[in-house]
Amino acid sequence: MAQLTCREAVAAAIAQEMRRDPSVVFLGEDIGAAGGVFKTTVGLFEEFGPDRVRDTPISEQAIIGAAMGAAMTGLRPIAELMFSDFFAVCWDLVANEIAKSRYMTNGQVSFPLVIRSANGGGARFGAQHSQAIENWAMMIPGLKVVAPSNPADIVGLLAASIRDPDPVVFFEQKSLYGTRGEVPDGEHVDALGTAKVLREGGDAAIVALAAMVPRAVAAAERLAAEGISCTVIDVRSLVPLDTRTILSAVSETGRLFTVEENPRLCGWGAEIASIAGEECFYDLDGPIVRITTPHIPLPSADNLEDLALPSVERIADTVRASMG
Amino acid sequence: MAQLTCREAVAAAIAQEMRRDPSVVFLGEDIGAAGGVFKTTVGLFEEFGPDRVRDTPISEQAIIGAAMGAAMTGLRPIAELMFSDFFAVCWDLVANEIAKSRYMTNGQVSFPLVIRSANGGGARFGAQHSQAIENWAMMIPGLKVVAPSNPADIVGLLAASIRDPDPVVFFEQKSLYGTRGEVPDGEHVDALGTAKVLREGGDAAIVALAAMVPRAVAAAERLAAEGISCTVIDVRSLVPLDTRTILSAVSETGRLFTVEENPRLCGWGAEIASIAGEECFYDLDGPIVRITTPHIPLPSADNLEDLALPSVERIADTVRASMG
Amino acid sequence: MATEETAGPDLANDDIGEEARLALWRSQLEIRHVEQRAHDLFLQNLVKGTVHLSLGQEAVAAGFAVAMEDGDYTFCTYRGHAHTLARGAPMSGVLGELMGRECGLLAGKGGSMHLTSVEHGAMGSYAIIGAHLPIAMGAAWSAQYRGTSQVSVCFFGDGTTNIGAFHEALNMAKVWSLPVIFVCENNLYMEYTPIGDVTAVEHPAADRAPAYGMESIIVDGNDADAVYRVARTAYDRARSGGGPSLIEAKTYRQCGHSRADPGAYRPDEEVEEWLARDPVPAYRRRLLDFGFAESAVEGIEAEVLAAVDAATETARASPPPPPDILETEVYADGGAAWRN
Amino acid sequence: MATEETAGPDLANDDIGEEARLALWRSQLEIRHVEQRAHDLFLQNLVKGTVHLSLGQEAVAAGFAVAMEDGDYTFCTYRGHAHTLARGAPMSGVLGELMGRECGLLAGKGGSMHLTSVEHGAMGSYAIIGAHLPIAMGAAWSAQYRGTSQVSVCFFGDGTTNIGAFHEALNMAKVWSLPVIFVCENNLYMEYTPIGDVTAVEHPAADRAPAYGMESIIVDGNDADAVYRVARTAYDRARSGGGPSLIEAKTYRQCGHSRADPGAYRPDEEVEEWLARDPVPAYRRRLLDFGFAESAVEGIEAEVLAAVDAATETARASPPPPPDILETEVYADGGAAWRN
Ligand SMILES: Cc1ncc(C[n+]2csc(CCOP(=O)(O)OP(=O)(O)O)c2C)c(N)n1
Ligand SMILES: Cc1ncc(C[n+]2csc(CCOP(=O)(O)OP(=O)(O)O)c2C)c(N)n1
Ligand SMILES: [Mg+2]
Ligand SMILES: [Mg+2]
């Protein structure tokens with residue numbers, strides 16, 4: 001097993017798939033010789049050359065449109081949007097074109113493409129470079145949405161996303177790029193639509209995604225020391241959503257907490273809460289509680305940003321207070 | 001009391017406010033002499049002239065950017081986006097700039113502007129001209145979001161939106177434009193953030209918005225005939241959200257059904273369900289059930305589109321089955 | 001503006017040739033008569049939703065399509081019946097889609113604004129202004145990368161030249177030297193607003209070409225031969241690695257913007273002037289001038305009309321789409337399941 | 001490229017004048033020294049997040065700001081310390097914001113990429129490429145509608161000329177004849193990619209001006225006088241109803257794109273060539289040539305340095321923002337309540 005950082009895992013997954021399949025091409029801003037502004041694409045330009053690893057102008061509509069046009073004519077493009085906030089400048093292509101065209105044409109066209117992007121806060125970049133926007137993508141029919149929390153899952157799920165016949169929005173959490181972890185040797189391909197139970201407990205289920213996963217685990221550890229034992233689930237893939245794993249944990253424990261980085265309103269936690277609230281109603285021993293960033297743009301000063309994002313402490317406090 | 005259609009109510013509200021306040025200006029595509037493609041702006045160009053009622057190129061980023069720049073320098077612009085689907089082509093301006101700049105600047109700038117747009121399905125326009133996107137706007141911190149269901153509310157809430165010091169996204173439901181209703185004489189200004197109880201019942205609360213409101217009312221009438229008595233609430237304003245009215249109906253009846261036109265995932269119904277599920281947990285007599293469009297792009301053929309949108313029948317069936 | 005040379009017609013030394021001329025004629029007629037039929041069916045309340053006709057603009061679609069090769073890609077807008085038909089998509093599929101029938105090209109899921117027939121190279125009709133320019137550019141990138149000689153052709157209106165995606169697509173197409181042809185059908189109006197009122201330059205596409213390192217090209221869009229010639233040159237450039245072209249075809253929408261619009265904002269003289277330049281009778285005259293037999297010319301029209309009638313019957317006889325397709329084809333597994 | 005006339009300096013017949021020259025000098029120094037201080041503070045780990053310095057580009061900000069009038073609007077990017085300072089925003093507010101302190105212009109809520117000081121006409125720094133061009137255009141519309149003589153000035157980089165919002169804003173500004181000046185600071189790079197690699201024309205802004213009915217204007221962005229002259233002309237045009245201008249100022253980013261970037265992709269000779277054209281020592285030489293006393297010239301620099309030191313102390317002494325502002329100023333009522 002190799003030890004990789006999350007940023008290295010991204011390049012490893014792309015390289016693995018580009019080696020295997022010549023129809024995989026990659027485009028984005030500064031991804032080539034520069035190796036990406038987050039150094040997530042180091043070495044790809046050298047290995048695969050400028051025809052397959054293409055630097056673009058600052059033209060996100062052209063980047064995503066090009067990926068779409070290429071996907072529907074035989075390629076498997078990977079497009080990088082440097083920061084997930086920039087989905088907003090090409091949202092029409094993502095939400096209205098890529099997501100809807102298979103359905104509108106009754107299946108005449110396929111979009112085997114991946115849009116990967118650095119998502120989330122914690123880097124003191126301010127409100128336009130720190131958003132967690134998993135819910136933007138989840139709400140659009142026709143997209144698949146993946147957000148891994150560790151290097152092995154990045155390799156496995158990014159490979160699976162590249163091989164998937166549908167458009168996948170792949171979020172890489174900025175605050176995890178430096179996190180190191182073991183990645184299986186050899187070709188590693190995981191399955192979309194599968195959540196992972198990271199620890200089991202009898203008192204409550206905590207469901208988290210991406211950067212919130214290690215925090216949820218740490219909170220569960222604290223709570224365990226206090227006698228509250230929690231199941232922690234890494235959702236990994238919002239679409240398809242592994243409701244089976246989530247709902248069975250809710251039924252078993254009788255309590256559900258969701259931990260989201262995105263601001264409060266219409267987050268994915270609300271979706272999962274509404275499913276569990278409906279389908280596990282008679283198993284619930286107490287209210288489902290969502291832990292989110294407040295419904296505010298993200299501030300930039302250290303202390304304010306730290307206060308805004310769900311912290312280990314806030315997660316533990318919320319669970320404790322609600323279970324108490 | 002005058003009888004107006006919803007489309008006439010839009011023009012009436014804009015005229016009322018433009019007469020009162022010379023800082024109100026209006027821009028959009030084909031809104032001038034043409035009177036708008038939905039005929040919602042007839043007469044405004046003639047009354048207020050080309051300086052205040054400005055036709056634009058097909059440049060939604062320029063339209064919304066212009067509104068933003070004007071709002072922060074002393075005007076109160078109203079911008080029209082012809083179809084709400086087109087929010088996607090200017091989403092950066094809406095979600096990243098207008099919504100966040102007051103916070104980012106710690107209150108140095110204000111954005112007293114309204115973006116009005118024709119929203120929703122039912123006109124057989126297909127997936128790119130039929131979306132209900134209230135949830136797109138609701139999920140962005142910093143925006144206010146209004147979606148009225150009748151001519152009087154259009155006049156009152158649009159006037160209130162224009163006078164509001166914050167950016168308001170104002171959805172006009174296409175399928176209601178032809179609906180006629182009474183509008184109070186004289187100046188009419190309503191209050192944002194207030195839901196309306198349209199009928200009271202003891203068995204369940206049905207919460208609906210815009211085009212779903214008349215359907216929810218009709219469903220409640222059917223159910224009443226069968227002995228199930230429902231409170232029906234017109235949410236009217238998603239942000240600010242009148243949780244007080246909604247939650248007290250949930251507590252009183254013990255049951256909640258939400259009726260959304262937007263596709264399933266991360267709709268506003270999920271938000272309301274998660275609030276009610278948390279805060280009214282001990283009052284609930286059964287699961288909260290969301291009635292939504294399936295998580296699909298909207299099809300265009302008559303029978304398919306009718307099947308997709310929540311119908312009176314589907315609402316009544318769902319409530320009946322769940323209450324049974 | 002490139003126009004027909006004034007020297008008398010001479011079929012022997014004709015650079016277009018008999019076959020292509022008849023193909024141009026047939027294509028224009030197919031579009032004309034299907035569009036008129038669509039209008040009739042709308043008046044009978046059999047076409048729902050909206051329709052955007054290309055009446056008056058047939059020569060652009062025909063000129064490009066006849067010069068195209070199989071395998072080339074067409075990308076067009078909601079005003080795309082013409083371009084979809086010109087690639088050979090079945091009339092019954094087009095009319096059926098407008099009528100929301102099972103036989104529709106998209107089985108009723110897309111509607112008139114999204115006609116697509118991938119098997120004919122018609123890669124979709126896009127209804128949000130500007131989006132398909134980058135998409136068409138991407139298809140050209142794909143062809144370039146795969147090393148084929150395919151060309152991607154993207155049709156759009158004058159109003160579309162003012163939206164951001166236009167700018168991004170043209171720049172990137174040129175930087176990457178892609179085999180894509182951007183065709184602006186300048187019909188003088190966006191929806192109801194004259195293009196001149198909202199555009200900083202006189203020729204909305206041609207005056208922008210230099211901003212992308214491209215040549216300014218204007219063609220008489222009501223002259224199928226002129227369009228065909230300009231198209232051939234652009235295809236040659238694209239296939240020989242010469243990169244993208246931007247072409248502005250001057251033409252006119254003989255009707256309103258869409259079914260809801262009578263087009264009353266257009267000055268009478270303008271309408272009359274352009275009706276006098278109707279591409280269909282003009283091409284008929286040209287064929288006769290070239291010595292084509294009147295019977296041959298009219299025979300084609302009779303065939304086309306018969307085909308339109310037959311397609312109309314097929315579409316009318318086709319049932320509405322089966323309800324069980326409502327939740328198919330959201331994902332490539334054929335379904336719409338977002339959860340397990 | 002407009003450059004300084006070659007005739008010897010002659011303060012008596014100088015079109016710029018003593019006061020403006022000293023203002024240009026002071027402004028460039030303020031930017032230079034605050035930016036260097038920001039860099040030092042970053043090395044001391046006192047500046048968090050990211051910073052984008054304008055070292056080497058000071059003459060553009062100074063030239064435009066000195067020619068501006070109170071009430072004019074400045075819109076700039078994440079690389080906006082220079083433009084914000086040039087309008088008179090307090091150095092302590094700028095440095096404090098970079099350090100995430102309560103005394104920051106935005107009380108720590110915005111950070112280095114969003115500097116704003118409305119009271120000084122600095123209407124915001126925008127961090128998503130392209131967005132502020134339409135916004136600046138809108139402010140100009142507002143000025144036009146309100147009948148003031150305010151001008152809106154929008155600064156952006158070369159890379160920004162390839163994004164859609166650029167296109168939309170320029171077209172609409174021209175169609176509405178708005179008092180707005182678009183200033184492209186062409187520093188040869190987007191982040192790490194040379195602008196020439198991704199742009200279809202040689203001069204990313206100037207070669208696009210005709211596409212919006214505007215004049216192509218290129219100015220030496222390292223020459224504050226040249227910038228000042230070009231700015232005056234553009235302001236005059238704007239104030240006299242002559243509409244928008246697009247100006248390309250050629251300049252160079254002496255450091256990397258942002259704090260994370262050492263800028264290693266830049267050829268050594270290129271860096272050397274441009275360091276030799278550093279606008280600050282060049283302007284110093286020019287002032288001496290014009291006969292300004294060395295003591296006066298250096299006195300200003302000493303004043304500026306003292307001010308930067310004082311501002312640094314103020315910022316360092318300022319506490320972090322109080323936690324209770326986390327949920328203020330989302331809405332105009334001062335709060336963040338989205339429900340009752
Ligand atoms: C982004 C966007 N804005 C506005 C519209 C509404 N709309 C549909 S067609 C049209 C006019 C387009 O004009 P042009 O490009 O000249 O094409 P034409 O209809 O004349 O063929 C407009 C404004 C849209 N579909 N998409
Ligand atoms: C829409 C968008 N895409 C990409 C970025 C990331 N980004 C930030 S600065 C930059 C380079 C901008 O180059 P230029 O316009 O030349 O300005 P400069 O930084 O040289 O001043 C890029 C790509 C962004 N902020 N917004
Ligand atoms: Mg047109
Ligand atoms: Mg640059």
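Bear in mind the structure is a predicted one, so any value in this text is a computation, not a measurement. Every chain is numbered on its own, with residues counted from 1 as its sequence reads. Each chain is given a letter, starting from A, and each ligand a number, starting from 1, according to the order in which they appear as written. Predicted model: local features are reported for residues with pLDDT of at least 70 only, side-chain atom pairs are reported and counted for 80 or more only, and whole-chain, interface and lining totals are derived from all residues. Side-chain numbers here rest on the full set of heavy atoms in the structure, without hydrogens or water.

Asker: Explain the interface of chain C and chain B to me, please; I cannot follow it from the model alone.
Answerer: Interfaces are often sized by the accessible area lost when the parts come together. At the interface, 34 residues of chain C touch 37 residues of chain B. Regarding the contact of chain C and chain B, the summed buried area is about 2700 Å², with carbon and sulfur atoms giving 68% of it. Summed over the three residues of chain C that lose the most area to chain B, namely C:Ile128, C:Leu326 and C:Trp338, the buried surface amounts to 23% of that side. Whenever a nitrogen or oxygen atom comes within 3.5 Å of another N or O atom, the pair is scored as a polar contact, on the condition that within protein one atom can donate a hydrogen and the other can accept it, and that pairs from neighbouring residues in sequence are kept only if both atoms are in side chains. Along the contact surface separating chain C from chain B lie 10 residue pairs in polar contact (both at pLDDT 80 or more). Any pair of residues with heavy atoms lying within 4.5 Å of one another is described as a contacting pair. Put simply, buried area is the surface a 1.4 Å probe can reach on two separate parts but cannot reach once they are joined, added for both.

Asker: Before we go on, may I ask you to explain the interface of chain A and chain B in this structure?
Answerer: If you look at the interface, chain A gives 49 residues, while chain B gives 49 residues. Considering only the side of chain A, the residues that lose the most area to chain B are A:Tyr103, A:Met139 and A:Cys266, jointly responsible for 16% of the buried surface there. The working definition used for a salt bridge is a side-chain nitrogen of Lys or Arg within 4 Å of a carboxyl oxygen of Asp or Glu. Across the chain A-chain B interface, the total number found is 4 salt bridges. Taking the shortest distance from any N to any O, the salt bridge between B:Arg264 and A:Glu271 comes out at 2.7 Å. Counting the contacts that link chain A with chain B gives 24 residue pairs in polar contact (both at pLDDT 80 or more). Looking at the side of chain A that touches chain B, the elements with two or more residues in it are α4 (91-104), α5 (134-138), α9 (268-279) and β14 (289-293) of chain A. Helix numbers and strand numbers start at the N terminus; a helix is a DSSP run of H or I with at least 4 residues, a strand a run of E with at least 2.

Asker: In this structure, what is going on with the coordination of the magnesium ion (ligand 3)? I would like to understand it.
Answerer: Perfect tetrahedral coordination of a metal by four donors corresponds to 109.5 degrees between them, and perfect octahedral coordination by six donors corresponds to 90 or 180 degrees. All names here are of chain C. Coordinating donors are taken as N, O and S atoms within 2.8 Å of the metal, stretched to 3.2 Å for Na, K and Ca; because water is absent from the atoms, sites can appear incomplete. Ligation of the magnesium ion (ligand 3) by protein atoms is provided by Asp158 (OD), Asn187 (OD1) and Tyr189 (O), these donors lying 2.1 to 2.2 Å from the ion. Binding-site remark: the magnesium ion (ligand 3) is held by donors from one chain whose sequence spacing is D-x28-N-x1-Y. Taken as a pair, aspartate 158 in the loop between β3 (152-157) and α6 (164-175) and asparagine 187 in the loop between β4 (180-186) and β5 (217-220) lie far apart in primary sequence, 29 residues in all.

Asker: Could you clarify how one ought to interpret the site of ligand 1 in this entry?
Answerer: Close to ligand 1 lie 21 residues, the nearest being B:Glu60, C:Tyr78, C:Arg79, C:Gly159 and C:Thr160. More than one chain reaches ligand 1: its neighbouring residues belong to chains B and C. Within the side chain of C:Tyr78, a nitrogen or oxygen atom sits 2.8 Å from an oxygen atom of ligand 1. Between ligand 1 and C:Asn187 there is a distance of 2.8 Å, counted from an oxygen atom to a side-chain nitrogen or oxygen. The criterion for a residue being near a molecule or strand is simple. One of its heavy atoms has to lie within 4 Å of it.

Asker: I would appreciate a short explanation of the pairing of strand β6 (residues 245-250) of chain D in the present structure.
Answerer: On any regular strand, side chains alternate: one points to one face of the sheet, the next to the other face. Residues and elements named next belong to chain D. The buried label goes to any residue with under 20% of its type's maximum accessible area, the exposed label to any with over 50%, and the partly exposed label to all in between, with areas taken from a 1.4 Å probe on protein chains only. For β6, a buried count of 6 out of 6 residues is recorded, marking the element as mostly surrounded by other parts of the structure. What you see with β6 is no split at all: Ser245, Ile247 and Ala249 on one side and Leu246, Glu248 and Lys250 on the other are buried throughout. Here strand β4 (residues 180-186) pairs with β6 via 6 bridges, running parallel. In the strand pairing of β6, asparagine 186 is matched with lysine 250. Of the crossover connections in this fold, the one passing from strand β5 (residues 217-220) over helix α7 (residues 224-239) to the parallel β6 is right-handed. Here a strand pair is declared whenever DSSP counts at least two bridges between the two strands. By convention, orient the strands away from the viewer: a clockwise path from the first strand over the helix to the second makes the crossover right-handed.

Asker: It is not clear to me how the site of ligand 2 should be interpreted in this structure. Could you clarify?
Answerer: For ligand 2, the set of nearby residues contains 21 residues, the closest of which are A:Glu60, D:Tyr78, D:Arg79, D:Gly159 and D:Thr160. Residues close to ligand 2 are split across chains A and D. D:Ala127 is positioned such that a nitrogen or oxygen atom in its backbone is 2.9 Å from a nitrogen atom of ligand 2. Within the contact set of ligand 2, a nitrogen atom lies 2.9 Å away from a side-chain nitrogen or oxygen of D:Glu191. Values of accessible area rely on a 1.4 Å probe in the Shrake-Rupley scheme; residue burial ignores everything except the protein chains shown. Taken by itself ligand 2 offers 580 Å² of open surface, and the protein chains cover 98% of this. Partitioning the shell around ligand 2 into residue classes produces 10 nonpolar, 6 polar and 5 charged. Here the nonpolar group is Ala, Val, Leu, Ile, Met, Phe, Trp, Tyr, Cys and Pro; Asp, Glu, Lys and Arg are the charged ones; every other residue, Gly included, is treated as polar.

Asker: How should the coordination of the magnesium ion (ligand 4) be read in this particular structure?
Answerer: Note on the magnesium ion (ligand 4): its protein donors are D:Asp158 (OD), D:Asn187 (OD1) and D:Tyr189 (O). The metal-donor distances range over 2.0 to 2.2 Å. Mapped onto the sequence, the residues coordinating the magnesium ion (ligand 4) show the spacing D-x28-N-x1-Y.

Asker: In this structure, what is going on with the confidence of the model for chain C? I would like to understand it.
Answerer: Predicted coordinates in areas of low pLDDT are best not read in detail. All names here are of chain C. The predictor rates its confidence in each residue with pLDDT, a number between 0 and 100. Model confidence for chain C is summarised by a mean pLDDT of 96, while 98% of its residues fall at 70 or above. Considering only residues more than four positions removed or in separate chains, one finds that residues 1-5, a stretch of pLDDT under 50, has 16 contacts. The complex prediction reports pTM at 0.98, with the ipTM value standing at 0.98.

Asker: Explanation requested: the nonpolar core in the structure shown.
Answerer: In globular proteins that are soluble, nonpolar side chains generally tend to be buried together. Only buried Ala, Val, Leu, Ile, Met, Phe, Trp, Tyr and Cys residues count toward a nonpolar core, and they belong to the same one when joined by side-chain atoms within 4.5 Å. Membership of the largest hydrophobic core comes to 218 residues, with the highest contact counts inside it found for A:Trp91, B:Trp91, C:Phe182 and D:Phe182. Beyond its immediate sequence surroundings of up to four residues, D:Phe182 is in contact with D:Leu133, D:Met137, D:Cys154, D:Phe156, D:Ala169, D:Leu170, D:Ala173, D:Pro244, D:Ser245, D:Leu246 and D:Ile247. Within the second largest apolar cluster, 70 residues are counted, among which are A:Val24, A:Phe125, A:Leu157 and D:Tyr78.

Asker: Help me understand unusual backbone geometry in this model?
Answerer: Leaving glycine out, the prevailing phi sign among residues is negative, and the prevailing peptide bond configuration is trans. With an omega dihedral of -5°, the bond running from A:Val239 to A:Pro240 counts as a cis peptide bond. With respect to the secondary-structure elements, A:Pro240 resides in the loop between β12 (237-239) and α8 (243-253). Here the phi dihedral of B:Asn106 falls at roughly 55°; this positive angle occurs in a residue that is not glycine. Tracing the chain through its elements places B:Asn106 in the loop between α4 (91-104) and β5 (114-119). For B:Asn106, a relative accessible area of 27% gives the class partly exposed. The phi torsion at C:Asn45 lies on the positive side, around 65°, for a residue other than glycine. Structurally, C:Asn45 is set in the loop between α1 (18-43) and α2 (58-67).

Asker: Please clarify how the pattern of salt bridges should be interpreted in this entry.
Answerer: Note that side chains of opposite charge can pair when their charged atoms are close. In total, this model carries 82 salt bridges over all chains according to the counting rule given. A cluster of three or more residues bridged by salt bridges with shared partners is formed by A:Arg124, A:Asp302, A:Glu305, A:Asp306 and D:Lys48.

Asker: Where do I start with the sheet that holds β6(D) in this structure?
Answerer: Across a sheet, strands are paired by hydrogen bonds formed along the backbone, either parallel or antiparallel in direction. Residues and elements named next belong to chain D. What the 6 strands build is an open sheet, ordered β2-β1-β3-β4-β6-β5; its pairing is parallel. Of all the strands in the sheet, just β2 (122-126) and β5 have a single pairing partner and so form its edges. Averaged over neighbouring strand pairs, the angle between their axes works out to 20° when direction is ignored. The pairing of strand β3 (residues 152-157) with β4 spans 6 bridges and is parallel. In the strand pairing of β4, phenylalanine 155 is matched with valine 183. The angle between two axes is taken between their N-to-C directions and runs from 0 to 180 degrees, where each axis is a line fitted to C-alpha atoms and a helix contributes only its stretch in contact. Along the sheet, helix α5 (residues 132-146) makes contact with β1 (73-77), β2, β3 and β4, crossing β3 at roughly 170°.

Asker: Honestly, the relation of the copies chain A and chain B in this entry has me stumped. Any pointers?
Answerer: Applying a rotation about an axis and a shift along it to one chain copy brings it onto the other copy. Least-squares superposition aligns the copies on the C-alpha atoms of those residues with pLDDT at or above 70 in both. With an RMSD of 0.0 Å, chain A superimposes on chain B once it is rotated by 180° and translated 0.0 Å along the axis. A rotation of that kind, with that shift, is consistent with a two-fold axis.

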